[in-house]
Amino acid sequence: MSAPRRLVVEADGGSRGNPGPAGYGAVVLDPLDAATLAEAAEYIGVATNNVAEYKGLIAGLKAVKELFPDTPVEVRIRMDSKLVVEQMSGRWKIKHPDMKPLAAEAANILPASSVTYEWIPRAENKHADRLANEAMDAGRRGEQWEPASSTADLDTPRAPAAPDPSPAGPPGDAVAGAAKVRAAMAAARPAAAPQPVPPASPQVGWGSAPDLGAPATFILLRHGETALTPEKRFSGSGGSDPELSETGRHQAACAAEAFAARGTVQEIVSSPLRRCRETASAVAGRLGLEVRIDEGLRETDFGAWEGLTFAEVRERHGSDLTTWLASPDAAPTGGGESFAEVAERVSATRDRLIARHAGRTVLLVTHVTPIKTLVRLALGAPPESLFRMELSPASVSTVAYYADGNPSLRLLNDTSHLR
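Position numbers for residues count from 1 along each chain, tracking the sequence in the order it is written. Where totals are concerned, whole chains, interfaces and linings use all residues; where local detail is concerned, this predicted model gives features only for residues with pLDDT of at least 70, and gives and counts side-chain atom pairs only at 80 or more. Think of the side-chain values as coming from all heavy atoms in the structure, minus any hydrogens and water.

**Here's the deal with the overall build of the chain**
1) Next: Comment: elements are numbered from the N terminus, with helices defined as DSSP H or I runs of at least four residues and strands as E runs of at least two. Looking only at helices and strands, the chain features 10 helices and 11 strands.
2) Next: Burial classes follow relative accessibility: with a 1.4 Å probe on protein chains only, a residue under 20% of its type's maximum area counts as buried, one over 50% as exposed, and anything between as partly exposed. The buried share of the chain, taken over its 419 residues, is 53%.
3) Next: Taking as baseline every contact in the chain between residues at least 6 positions apart, the subset at least 24 positions apart corresponds to 73%.
4) Next: Surface summary for the chain: the accessible area is close to 18,500 Å², and the carbon and sulfur share equals 54%. Any two residues whose heavy atoms approach within 4.5 Å are treated as being in contact. A 1.4 Å probe and the Shrake-Rupley method give the accessible areas. Residues count as covered only by the protein chains that appear here.

See below:
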């Protein structure tokens, strides 16, 4: 029996809106010289990032099978989707109903013993990412991606491709290899009716902005209720660190179910305070994700006002309260944080997270002031707008950040999952 042919598959998927217009890309590479053996990409209509990523994986595996139908293979899958890699490796449970059939389809294409999975940073998955974006660009024009239009390989310098020693092997040329795969895959599936192409990502202003790709989307979840919440007491980061109440734990569970049903969250980042960590943990447990802590998402330090009601603060520190309400530079009594200081901290955290999670959907579990600050900054609203927003416990707000620096507020104070 001949030795197995070793191959690398890099795959990716994306959605402009999550869910929104979506596409995938996959490339089959020779690990010896990094030569491109085949490419595949497709616009798939409206879908989530996770669905598109799974479809990219399936396309890559099918490409391998089409290229080497009678040759034993060893395939190393490289993706920047932690969810897909961990689920297909068997380390995370597959809970979302949309993911289960896709994972089963991927698992049945090649023998399980011949496939391994490896997570890679997004920067190392540029070839497949470009293919996915080309597919989405084609979909926006009402077309489907064609191998001849591929430019992905141009972005990924490769060593000169050596001739394939196997006479039955495919040509190393990307376009020729891709054409063979696409033709075989197209013949294997029934023709689908043309899908209407939704508009691209929301535009800023009235003009037609260029296609900027998938934004970094922050889903902002306020923590669930604590014992201090119904009494409307100041509860920041400078006083006690209360746990969720029974009501708060129920709210966190409801939020977890809602996010599981949507299947859009790819990463979870939480404030270090207990009420947020407990809320984030409930969601993470339902989604099979890990929680990363970021100090920048903590609540305002309210100084001597911690644990007091608004009326109690007015009675004890009336002059300081009046100044605080009038100026974002004024801090609560006893060395608390001003809103200007919070805005500076939150802005730095926002910029850092945007850079780290470009093109992905991240759940940020945090507090009233950080969420209102992110919304205010996205709208370019003045500091006094913080007092004009309602933000309920376990409510959801969403802000998307595009590559040109323009944010888009998509949702504010949604509590429909709690009803």
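**Description of the sheet that holds strand 5 (residues 115-119)**
1) Next: Within the open sheet, the 5 strands sit side by side as 3-2-1-4-5. Their pairing is mixed. One side of each edge strand has no neighbouring strand; the edge strands of this open sheet are strand 3 (36-47) and strand 5. Taken over all neighbouring pairs, the strand axes of this sheet differ in orientation by 20° on average, direction set aside.
2) Next: Here strand 1 (residues 5-15) pairs with strand 4 (residues 73-79) via 6 bridges, running parallel. Each bridged residue has a counterpart across the sheet, and for R5 the counterpart in strand 4 is V73.
3) Next: Where helices are involved, their axes are fitted lines through C-alpha atoms of the stretch in contact, as for all axes, and angles between N-to-C directions lie from 0 to 180°. Strand contacts of helix 4 (residues 126-140): strand 1, strand 2 (20-29) and strand 3, with the helix running at about 140° to strand 2, the strand carrying the most contacts. Between any two strands, pairing holds if DSSP finds at least two bridges.

**What to know about the packing of aromatic side chains**
1) Next: By convention, a stacked pair of Phe, Tyr or Trp rings (six-membered ring in the case of Trp) has centres within 6.5 Å and planes under 30 degrees apart, an edge-to-face pair has planes over 60 apart, and any other such pair is tilted. Under the definition given, this model contains 8 aromatic pairs.
2) Next: Plain terms: the ring middles of W305 and W324 are 5.1 Å apart, the flat faces sit at 90° to each other, and that makes the pair edge-to-face. One end of the pair, W305, is in the loop between strand 8 (291-293) and helix 8 (310-326); the other, W324, is in helix 8, with 19 residues separating them in the sequence.
3) Next: Residue classification places W305 among the buried positions, given a relative accessible area of 0%.
4) Next: The exposure class assigned to W324 is buried, which follows from its relative accessible area of 5%.
5) Next: Ring geometry for F339 versus F387: centroids 5.7 Å apart, planes at 65°, classification edge-to-face. In this pair, F339 is assigned in helix 9 (residues 339-356) and F387 in the loop between helix 10 (368-379) and strand 10 (396-401), connecting sequence segments 48 residues apart.
6) Next: Residue classification places F339 among the buried positions, given a relative accessible area of 11%.
7) Next: Three or more aromatic residues joined by ring pairs make a cluster, and in this case those are F234, F302, W305, W324, F339 and F387.
8) Next: For a Lys NZ or an Arg CZ to count as sitting over a ring, it must be within 6 Å of the ring centre and within 35 degrees of the ring normal. Between K82 and the ring centre of W119, over which it is positioned, the NZ or CZ distance is 5.9 Å.

**Side note on the side chain of S395**
1) Next: Mapped onto the elements of the fold, S395 is located in the loop between helix 10 and strand 10.
2) Next: With a relative accessible area of 1%, S395 lands in the buried category.
3) Next: Within 3.5 Å is the distance limit for a polar contact, defined as a pair of N or O atoms, with the added protein rule that one can donate a hydrogen and the other accept it, and that residues adjacent in sequence qualify only through two side-chain atoms. A distance of 2.7 Å separates a polar atom in the side chain of S395 from the backbone oxygen of S392.
4) Next: If sequence neighbours within four positions are ignored, S395 has contacts with L220, L221, R222, N413, D414, T415 and H417.

**Considering the confidence of the model for the chain**
1) Next: Looking at the chain as a whole, its pLDDT mean stands at 85, while 85% of the residues score no less than 70.
2) Next: At the level of individual helices and strands, the chain shows its lowest average pLDDT in helix 5 (residues 174-188), which scores 46, and its highest in strand 9 (residues 361-366), which scores 97.
3) Next: Note that residues 158-211 has pLDDT below 50 and, in this model, 82 contacts with residues that lie over four places away or in other chains. A score from 0 to 100, pLDDT tells how confident the predictor is in each residue.

**Details of unusual backbone geometry**
1) Next: The phi torsion at K232 lies on the positive side, around 55°, for a residue other than glycine.
2) Next: Tracing the backbone shows K232 in the loop between strand 6 (216-222) and helix 6 (246-262).
3) Next: Residue classification places K232 among the exposed positions, given a relative accessible area of 66%.

**Observations regarding the sheet that holds strand 10**
1) Next: Taken together, the 6 strands give an open sheet; going across it, the order is 8-7-9-6-10-11, and neighbouring strands pair in mixed fashion. The open sheet has two edge strands with one neighbour each: strand 8 and strand 11 (407-414). Neighbour-to-neighbour, the strand axes of this sheet turn through a mean angle of 20°, independent of strand direction.
2) Next: Relative to strand 8, strand 7 (residues 267-270) runs parallel, the two sharing 3 bridges.

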